[in-house]
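Structural features, examined
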Amino acid sequence: MADWIFVIAISAGVLVGTMVLRRLLSRHVVYKGHILLTGKTVIVTGANCGIGKATTLDFARRNARIIMACRDLAKAEKAVKDIRKVTQDGQLIVKHLDLASLQSVRTFCEEINREEKQLDILINNAGVFQCPFSKTVDGFEMQMGVNHFGHFLLTNLLLDLLQKSTSSRIVVVSSALHKRGNINFDDINSDKEYSRSKAYADSKLANIFFAQELSQRLKSSSVNVYCVHPGMVWTNLGRHVISPVVRWLVSPLASLLIKSSHEGAQTIIYCSIDPELNNETGLYYGNCKTESWTPTAQNVIAAKKLWDLSESLTGLNKKTL
Ligand SMILES: NC(=O)c1ccc[n+]([C@@H]2O[C@H](COP(=O)([O-])OP(=O)(O)OC[C@H]3O[C@@H](n4cnc5c(N)ncnc54)[C@H](OP(=O)(O)O)[C@@H]3O)[C@@H](O)[C@H]2O)c1
Ligand SMILES: *[C@@H]1O[C@H](CO)[C@@H](O)[C@H](O)[C@H]1NC(C)=O
C-alpha cells in the first residue's frame, strides 16, 4: 500500500516537474491573429519539413497560395499530402529550388518572375546545420552557401516582383546562435579551417547582416524585412550531429522541453502577416515580439562588407537598389 502511494507521488512529482521545467525553459507563444491570406502569394524555402512545413500548413489554413521551394520534389509532394490531410484550404505549388546551386536559384526565379503576377511574402527558411565539410556547386562552404549566399541571390532576384505589391514582406530565419558568429572575410569558404559549429553560427550571422542591410536598401520601398530567431525547435535540423537512434531515444523528452515545429513557426507567421508590424522593418523578433539586436549583430561595417562580397560572389549583376 505504502509502495503505491510512493509510486504515485513520484509520478505526480515528475509530471509536475516536467511541466514546470517546460514553462521555465521556453515560452511557447502561439500567434493568435485570425488574418486570412486569400489572394496572397507566399514563397517558403525548405517547405517540406520542420518549421517550413509548419509555416506552410498555417498559411494554407489562411487560404494563401503557397509556393513550396524545395530541393527534393518527392519530399515536397509527401509534405503536400500531409498538409492536405489537415486542410483543403489554400493552394500548394511545389517548385524545385536547390540553394546549393546558383544556377538552380536563377532558374527558379526566372520561372517565378515569368509566371507570378505578384509576390506578397518571401520566407527564407531553408537551412543546413553543422554538416561535414562540403562545397556547393559554386564552391561555397555548404552552410554559408545554402543559408546565406543562395538566399542572398534568391531574394535579390525576386525583389522587383516583391516591389510590385502595395506592401510585401521578407522574413529571414536566423538563429540565436548567430551571436557565436564572427565572419572571417579572408576565409569565407572555410578553405583554411573548418568548424561545423562556427560555420553555422557565421551563416546565421550572415542572415542577420543581410536582413539589416536589405532593410536599409529598401527603406523607401513598400517591402519590409523581418529577422526571426525561432528558438530551440525539435526538427530534423540536427541530422548531421544526432544519429537516428539517438534522435528516437531523446525524442519524447525533447518534444516535452523544446518547441514543436508548429510552435517554432509562430514568430515567422507573426512577422509575415501581423498588421501591427506594417510599419516595421529591419528589426529582430523572437516569441512573437521584437527583441533587441545582440552586440554581435550590430556591426554595420561587416554587414556592408558582406553585401558587397555576396554581390560579387553570386554574380548579381543588377541595377543597384
Ligand atoms: N530547429 C531549431 O532549433 C532552429 C533554431 C534556430 C534556427 N533554425 C532555423 O530554422 C530554419 C528551418 O530549420 P528546421 O529546424 O525546420 O530544419 P529542417 O527540418 O532540417 O528543415 C530544413 C529545410 O531546409 C531545406 N534545405 C536544406 N538544404 C537545402 C538546399 N540546398 N536547397 C533547398 N532547401 C534546402 C531542407 O530540405 P531537405 O529536407 O531536402 O533536406 C528542409 O526543407 C533553418 O534556417 C534553421 O537554421 C532552427
Ligand atoms: C503606419 O503608418 C501609417 C502612415 O503613417 C499610419 O496611418 C498607420 O496607422 C501605421 N500603422 C501602424 C500599424 O502603426
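About the cut-offs
- Residues numbered from 1 in each chain as written.
- Chains lettered and ligands numbered in written order.
- Predicted model: local features only at pLDDT ≥ 70, side-chain atom pairs only at ≥ 80, totals over all residues.
- Heavy atoms only, no water.
- UniProt positions renumbered as here; feature names shortened; annotations may be inferred.
- Helix = DSSP H or I, 4+ residues; strand = E, 2+ residues; numbered from the N terminus.
- Buried < 20%, exposed > 50% of the residue type's maximum accessible area, 1.4 Å probe, protein only.
- Contact = heavy atoms within 4.5 Å.
- Areas by Shrake-Rupley, 256 points an atom, 1.4 Å probe, with all protein chains shown as cover.
- Lys, Arg positive; Asp, Glu negative; His and termini not counted.
- Charge placed at Lys NZ, Arg CZ, Asp CG, Glu CD.
- Near = heavy atom within 4 Å.
- Polar contact = N/O pair within 3.5 Å; in protein donor to acceptor, adjacent residues only side chain to side chain.
- Expected span 1.5 Å × (residues − 1).
- 1 Å grid on protein atoms, 1.4 Å probe; cavity = no way out; pocket = protein on both sides within 12 Å on 5 of 7 lines; lining within 4 Å.
- Points joined across faces, edges and corners; volume = space filled by probe spheres on them.
- Axes fitted to C-alpha atoms, helices over the stretch in contact; angles between N-to-C directions.
- Parallel < 35°, antiparallel > 145°, perpendicular 65-115°, else oblique.
- Left-handed = near helix turned anticlockwise from the far one by under 90°.
- Core = buried A, V, L, I, M, F, W, Y, C linked by side-chain atoms within 4.5 Å.
- Phe/Tyr/Trp six-rings, centres within 6.5 Å; stacked < 30°, edge-to-face > 60°.
- Lys NZ or Arg CZ within 6 Å of the ring centre and 35° of its normal.

Listed in UniProt under the heading Sequence similarities (unreviewed entry), the comment for the protein chain reads: "Belongs to the short-chain dehydrogenases/reductases (SDR) family."

The number of helices and strands found in the protein chain is 10 helices and 8 strands. Dimensions of the protein chain, computed from the C-alpha atoms along their principal axes, are close to 80 × 50 × 40 Å. Evaluated residue by residue, the protein chain yields a buried proportion of 52% over its 321 residues. A sequence separation of at least 24 residues applies to 79% of the contacts in the protein chain between residues at least 6 apart. Summed over all atoms, the accessible surface of the protein chain reaches about 15,600 Å², with 57% contributed by carbon and sulfur. Charged side chains in the protein chain number 38 positive and 28 negative. The centres of these two groups are separated by 4 Å.

This part covers the site of ligand 1. The immediate surroundings of ligand 1 are formed by 28 residues, with Asn48, Arg71, Asn125, Tyr200 and Thr235 found nearest. Lys204 is positioned such that a nitrogen or oxygen atom in its side chain is 2.9 Å from an oxygen atom of ligand 1. Gly231 places a polar main-chain atom, nitrogen or oxygen, 3.5 Å from an oxygen atom of ligand 1. Starting from 900 Å² of accessible surface for ligand 1 in isolation, the protein chains cover 96%. Elements represented by at least two residues in the shell around ligand 1 include exactly helix 2 (50-61) and helix 6 (196-217).

With respect to the helices and strands, Arg106 occurs in helix 4 (residues 102-115). Between the C-alpha atom of Arg106 and that of Leu157, which follows or precedes it by 51 residues, the distance is 7.6 Å. Setting aside residues no more than four positions away along its own chain, Arg106 makes contact with Leu153, Leu157, Thr314, Gly315 and Leu316.

A few words on helix 5 (residues 142-164). Along its 23 residues, helix 5 runs 32 Å from first to last C-alpha, staying within 8% of the 33 Å computed at 1.5 Å per residue. The buried fraction of helix 5 amounts to 20 of the 23 residues, a majority that puts the element mostly inside the structure. With a side-chain oxygen lying 2.9 Å from the backbone nitrogen of Gln143, the N-terminal cap of helix 5 falls on Glu141.

Moving on: the layout of surface pockets. Space inside the second largest pocket adds up to approximately 350 Å³. Ala54, Leu57, Asp58, Arg61 and His262 are, among the 20 residues lining the second largest pocket, the residues nearest its centre. Contributing elements (two or more residues each) for the lining of the second largest pocket: helix 2, helix 8 (261-264) and helix 9 (266-273). Examining the composition of the lining of the second largest pocket, we find that 6 residues originate from one element, helix 2, more than from any other.

It is at 10 Å that the axes of helix 4 and helix 5 come closest, and there the two elements cross at 20°. Looking at the two axes, helix 4 sits roughly parallel to helix 5. As helix 4 packs across helix 5, the resulting crossing turns out to be right-handed. Listed contacts from helix 5 to Leu102, Val105, Arg106, Phe108, Cys109, Ile112 and Asn113 of helix 4 are Phe149, Gly150, Leu153, Leu154, Leu157, Leu158 and Leu161.

In the vicinity of ligand 2, the residues found are Pro275, Glu276 and Asn279. The separation between an oxygen atom of ligand 2 and a polar side-chain atom of Asn279 is 2.3 Å. Isolated, ligand 2 exposes 360 Å² of accessible area, and the fraction of that covered by the protein chains is 28%.

Turning to the nonpolar core, a few remarks are in order. Counting 53 residues, the largest nonpolar core has Ile43, Phe108, Leu158 and Ile170 as the members making the most contacts within it. Taken together, the elements giving at least two residues each to this core come down to strand 2 (65-70), helix 4, helix 5, strand 5 (168-173), helix 6, strand 6 (223-228) and helix 10 (300-313). Here this core gets 12 residues from one element, more than from any other, and that element is helix 5. Once residues within four sequence positions are removed from consideration, Phe108 is found in contact with Ile43, Ile67, Ala69, Lys95, His96, Leu97 and Leu154.

If you walk through the whole model with that rule in mind, you get 10 aromatic pairs. With 4.6 Å between their ring centres and 80° between their planes, Phe129 and Tyr200 make a pair best called edge-to-face. Residue Phe129 is located in the loop between strand 4 (121-124) and helix 5, and its partner Tyr200 is located in helix 6; the two are separated by 71 residues in the primary sequence. For Phe129, a relative accessible area of 15% gives the class buried. Consider the rings of Phe152 and Trp307, whose centres lie 4.9 Å apart with planes at 75°: the pair is edge-to-face. Here Phe152, found in helix 5, pairs with Trp307, found in helix 10; they are 155 residues apart in sequence, far enough to count as distant. Using a relative accessible area of 2% as the deciding quantity, one classes Trp307 as buried. Grouped by ring-pair contacts, the aromatic residues Tyr31, Tyr226, Tyr270 and Tyr285 constitute a single cluster. We note Arg247 situated over the ring of Trp234; from NZ or CZ to the ring centre the distance is 4.9 Å.

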